[in-house]
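Next come the chains, spelled out residue by residue.
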Amino acid sequence: MAFTPLHDRVLVRRVESDEKTSGGLIIPDNAKEKPAEGEVVAVGAGARDEDGERIAMDVKAGDKILFGKWSGTEITLDGEELLIMKESDILGLMS
């Protein structure tokens, strides 16, 4: 993929949620909520502070993350739906 986010932006691939509830009910596609869990695909170089120094990013490609329900902007690259969001929209890393 030939895309690199700028500054403190992150490119994220959503992780698909289960199609069944814990009780075994199948959830139809139109009733599913979009998951707030994803995998970092690419990161920018980081924002700059007041002195012009780069602020290192806390996430890297391959990290599993949680983000806010309404975070990011949906885009399509190479036929795949992805999200671009600021690093500050990421709530935390999953291990």
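About the criteria used
- Residues numbered from 1 in each chain as written.
- Predicted model: local features only at pLDDT ≥ 70, side-chain atom pairs only at ≥ 80, totals over all residues.
- Heavy atoms only, no water.
- Helix = DSSP H or I, 4+ residues; strand = E, 2+ residues; numbered from the N terminus.
- Contact = heavy atoms within 4.5 Å.
- Core = buried A, V, L, I, M, F, W, Y, C linked by side-chain atoms within 4.5 Å.
- Buried < 20%, exposed > 50% of the residue type's maximum accessible area, 1.4 Å probe, protein only.
- Polar contact = N/O pair within 3.5 Å; in protein donor to acceptor, adjacent residues only side chain to side chain.

Chemist: I'd like to hear about the environment of Gly-62, residue by residue, with values.
Modeler: Tracing the sequence through the fold places Gly-62 in the loop between strand S2 (37-43) and strand S3 (64-67). Counting along the chain gives 23 residues from Gly-62 to Glu-39, while the straight-line C-alpha distance between them is 5.9 Å. Here Gly-62 is in contact with Glu-39 and Val-40, once residues within four sequence places are set aside.

Chemist: Just give me the short version of the nonpolar core, but keep the residues and values in it.
Modeler: If you look at the biggest cluster of nonpolar residues, it comprises 10 residues: Val-10, Val-12, Val-40, Met-57, Val-59, Ile-65, Phe-67, Leu-83, Met-85 and Ile-90. Beyond its immediate sequence surroundings of up to four residues, Met-85 is in contact with Asp-8, Arg-9, Val-10, Val-12, Phe-67, Ser-71, Gly-72 and Ile-90. Leu-11, Leu-77, Leu-82 and Ile-84 belong to the second-largest nonpolar core, a separate cluster that totals five residues.

Chemist: I'd like a rundown of the side chain of Asp-63, residues and numbers included.
Modeler: Assignment of secondary structure puts Asp-63 in the loop between S2 and S3. For Asp-63, a relative accessible area of 11% translates into the label buried. Side-chain polar atoms of Asp-63 contact the backbone nitrogen of Lys-60, separated by 2.9 Å.

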